[in-house]
Amino acid sequence: MDSAELLEEYTPGDFFFATHARTVLGSGSRQAFTDTDVVSLSDEVFAALAEAPESLAVGVLPFDTTATPGHLVLPRRVRVAGATVSAGRKPVAAPVSVRAVPEPVRHAEAVARAVKILRERGMRKVVLARALDVGFASPVPAQAILNNLVTDKAGGYTFAAGLPSGRSLIGATPELLLSRFGGHVVSYPHAGSAPRSADPVSDRENAATLAASRKDRTEHAVLAEAVVETLRPFCRRLDVPAEPSLVSTPTMWHLGTKISGELVDRDVTALRLAAALHPTPAICGSPTDSARQLVGELEPFDRGYYAGTVGWMDARGDGEWAVSIRCAEVDTRSLRLYAGGGIVPASDPKAELDETSAKFQTLLRAMGLEL
Ligand SMILES: C=C(O[C@@H]1C=C(C(=O)O)C=C[C@H]1O)C(=O)O
């Protein structure tokens, strides 16, 4: 089966996950698992895969795994092909309404409050997000949006996943939470951001400024340290570059650290490892519990499955789990786009607001919108 056909066949409710190496399409559900205890969810799913070794488990974990259930399915039909080649962009009808939640100025105020609270409480980082609600006159063309994300090469992991509500999470994220193939594990945390520019000179300047930014390097170090600390007990060897590198998508520059290791115990599955890492300070903060609580205090909405993880696992326990950012929760005639950014005591509210606007561009471009 060719990967372009899998993309063409995607219908809302299906699971779709495309990387530079493979495209996975899961349709229908022969068994579904919905649980707020991620450890038992991982174990249940792994046990079910043992009974259906030719299948895959696919799905999502939410941002707040204690409040919102993880949702995984063994699809009725799983098809896997090579890297996705797209046949070209598709038109997306213009929306009839766009509303920021909260108002941009309120987001900047929340960032200013976060900066103050971080200093008062001695916290290192919190990630604050905002949303855009977009309404359409006719059903949202989810397949066309997914198609355009693939065509734009908008992120290393282009995904769509059905949610318990019947809605779908659709996006293209650059960030790998965890992959496991045999004893080999990789995590590629991203933190520290700057927008791309159409002008090559300012584009290079933005990248150089990011690479040299003390604030962004601190923000990144908090994340890389947390990922290393969580993976260390599971690994007999862990390779951690001393310096973050510059990574890019068509819309953003980031600082990324590619961490790879060899597992002590191959019985630890990809999903268990992803659940142990989640929520990293890329999307929550540090310390984790205080940051999660602060997110609840400062954001005027529930994140649901934004800033969670999306991916697949097989019967060997191998799999790939990406951080579910640069995405939208798609309903019948509306969708909600999310974008967040890491706040540290040295953050500037206006710059953080601009960073979320830049991050919205991944989805807005796929929808043919210039905002
Ligand atoms: C939270 C998001 O992105 C995350 C936050 C980043 C940052 O603060 O610099 C960078 C990459 C992502 O880990 C998002 O896109 O919504």
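How each quantity is defined
- Residues numbered from 1 in each chain as written.
- Predicted model: local features only at pLDDT ≥ 70, side-chain atom pairs only at ≥ 80, totals over all residues.
- UniProt positions renumbered as here; feature names shortened; annotations may be inferred.
- Helix = DSSP H or I, 4+ residues; strand = E, 2+ residues; numbered from the N terminus.
- Rg over C-alpha atoms; globule rule 2.2 N^0.38 Å.
- Buried ≥ 20, exposed ≤ 12 C-beta atoms within 10 Å, placed from the backbone.
- Contact = placed C-beta atoms within 7 Å.
- Core = buried A, V, L, I, M, F, W, Y, C linked by C-beta atoms within 7 Å.
- Pairing = 2+ DSSP bridges.
- Axes fitted to C-alpha atoms, helices over the stretch in contact; angles between N-to-C directions.
- Near = placed C-beta within 6 Å.
- Expected span 1.5 Å × (residues − 1).
- Arc of directions from axis to C-beta.
- Parallel < 35°, antiparallel > 145°, perpendicular 65-115°, else oblique.
- Nonpolar A, V, L, I, M, F, W, Y, C, P; charged D, E, K, R; others polar.
- pLDDT = per-residue confidence, 0-100.

- As recorded in an unreviewed UniProt entry, the protein chain goes by the name isochorismate synthase, listed as coming from Amycolatopsis acididurans.
- UniProt, in its Sequence similarities (unreviewed entry) section for the protein chain, records the words "Belongs to the isochorismate synthase family."
- In UniProt, the protein chain has this text filed under Catalytic activity (unreviewed entry): "chorismate = isochorismate".

### Regarding the overall build of the protein chain
- Secondary structure summary: the protein chain contains nine helices and 22 strands in total.
- Expected size for 371 residues packed as a compact globule is a radius of gyration near 21 Å; at 19 Å, the protein chain falls within 12% of this value.
- Looking at the 371 residues of the protein chain, the share that counts as buried comes to 49%.
- By sequence separation, contacts in the protein chain at least 24 residues apart represent 76% of the contacts at least 6 residues apart.

### Regarding the nonpolar core
- In terms of nonpolar packing, the biggest core is built from 104 residues, with Val-126, Leu-146 and Leu-337 touching the most fellow members.
- Counting residues per element, this core draws most heavily on strand β8 (residues 125–135), at seven residues.
- Those residues within four positions of Leu-337 in sequence are excluded, and the remaining contacts are Ala-131, Leu-132, Val-134, Ala-328, Phe-360 and Leu-363.

### Here we look at the sheet that holds strand β20 (residues 319–323)
- Taking strand neighbours across the sheet as the criterion, the nine strands line up as β3-β5-β4-β19-β20-β11-β12-β17-β14 in an open arrangement whose pairing is antiparallel. Bordering the open sheet on either side are β3 (31–35) and β14 (235–239), each of which pairs with just one other strand. Taking the axes of each pair of neighbouring strands and ignoring which way they run, one obtains an average angle of 15 degrees across the sheet.
- Each of β3, β4 (56–61), β5 (70–74) and β19 (309–314) is contacted by helix α2 (residues 38–51), which is oriented at about 165 degrees to β3, the strand it contacts most.
- Packing against the sheet, helix α7 (residues 270–277) makes contact with β4, β11 (176–181), β12 (184–188), β19 and β20, and its axis sits at approximately 155 degrees to β11.

### What about the environment of Gly-183?
- Along the polypeptide, Gly-183 turns up in the loop between β11 and β12.
- Considered as a pair, Gly-183 and Val-264 are 81 residues apart in the sequence and their alpha carbons are 7.8 Å apart.
- Not counting the four nearest positions on each side in its chain, Gly-183 is found in contact with Glu-262, Leu-263 and Arg-266.

### As for α7
- Taking burial as the measure, the eight residues of α7 include seven buried ones, the bulk of the element.
- Listed in full, the buried residues belonging to α7 are Ala-270, Leu-271, Arg-272, Leu-273, Ala-274, Ala-275 and Leu-277.

### Some thoughts on the site of the ligand
- Around the ligand, the structure places 19 residues, and the nearest of them are Ser-193, Ala-282, Ile-325, Gly-340 and Gly-342.
- Of all the elements in the fold, those that place two or more residues in the shell around the ligand are β8, β13 (190–195) and β22 (334–343).
- When residues of the shell around the ligand are assigned to their parent elements, the largest contribution, five residues, is made by β22.

### Some thoughts on the environment of Asp-35
- Along the chain, Asp-35 falls in strand β3.
- Each C-alpha atom, one on Asp-35 and one on Pro-69, is 4.8 Å from the other, the two residues being 34 residues apart in sequence.

### Remarks on the sheet that holds β13
- Spatial strand order, β13-β16-β15: three strands in an open sheet with antiparallel pairing. Where the open sheet ends on each side, the last strands, each with one partner, are β13 and β15 (245–248). Geometrically, the sheet is characterised by an average inter-axis angle of 30 degrees between neighbouring strands, direction not taken into account.
- Examined bridge by bridge, β13 and strand β16 (residues 252–256) share four bridges and lie antiparallel to one another. Bridge pairing in β16 links Ala-194 to Trp-253.
- Strand contacts of helix α5 (residues 200–212): β13, β15 and β16, with the helix running at about 145 degrees to β13, the strand carrying the most contacts.
- Strands β13 and β16 of the sheet are contacted by helix α6 (residues 214–231), whose axis makes an angle of about 150 degrees with β13.

### Notes on α6
- For α6, with 18 residues, the first-to-last C-alpha span of 26 Å sits near the 26 Å given by 1.5 Å per residue.
- Those residues of α6 that fall on the buried side of the exposure criterion are Asp-216, Glu-219, His-220, Leu-223, Ala-224, Ala-226, Val-227 and Leu-231. What you see down the axis of α6 is that its buried residues fit within an arc of 155 degrees, all on one side. Away from its buried face, by an angle of more than 90 degrees, α6 presents the exposed residues Arg-214 and Glu-229.

### Description of the packing of α2 against α7
- Closest axis-to-axis distance for the α2/α7 pair is 9 Å, and the angle between their directions is 170 degrees. Viewed along their axes, α2 and α7 adopt a mutual orientation that is roughly antiparallel. On α7, the residues that touch Val-38, Val-39, Ser-42 and Val-45 of α2 are Leu-271, Arg-272 and Ala-275.
- In terms of residue class, the contact of α2 with α7 is built from five nonpolar, one polar and one charged.

### Focus on the confidence of the model for the protein chain
- Of all residues in the protein chain, 100% have pLDDT values of 70 or greater, and the mean over the chain is 97.
- Interface confidence in the predicted complex, given as ipTM, is 0.99; pTM for the same model is 0.98.

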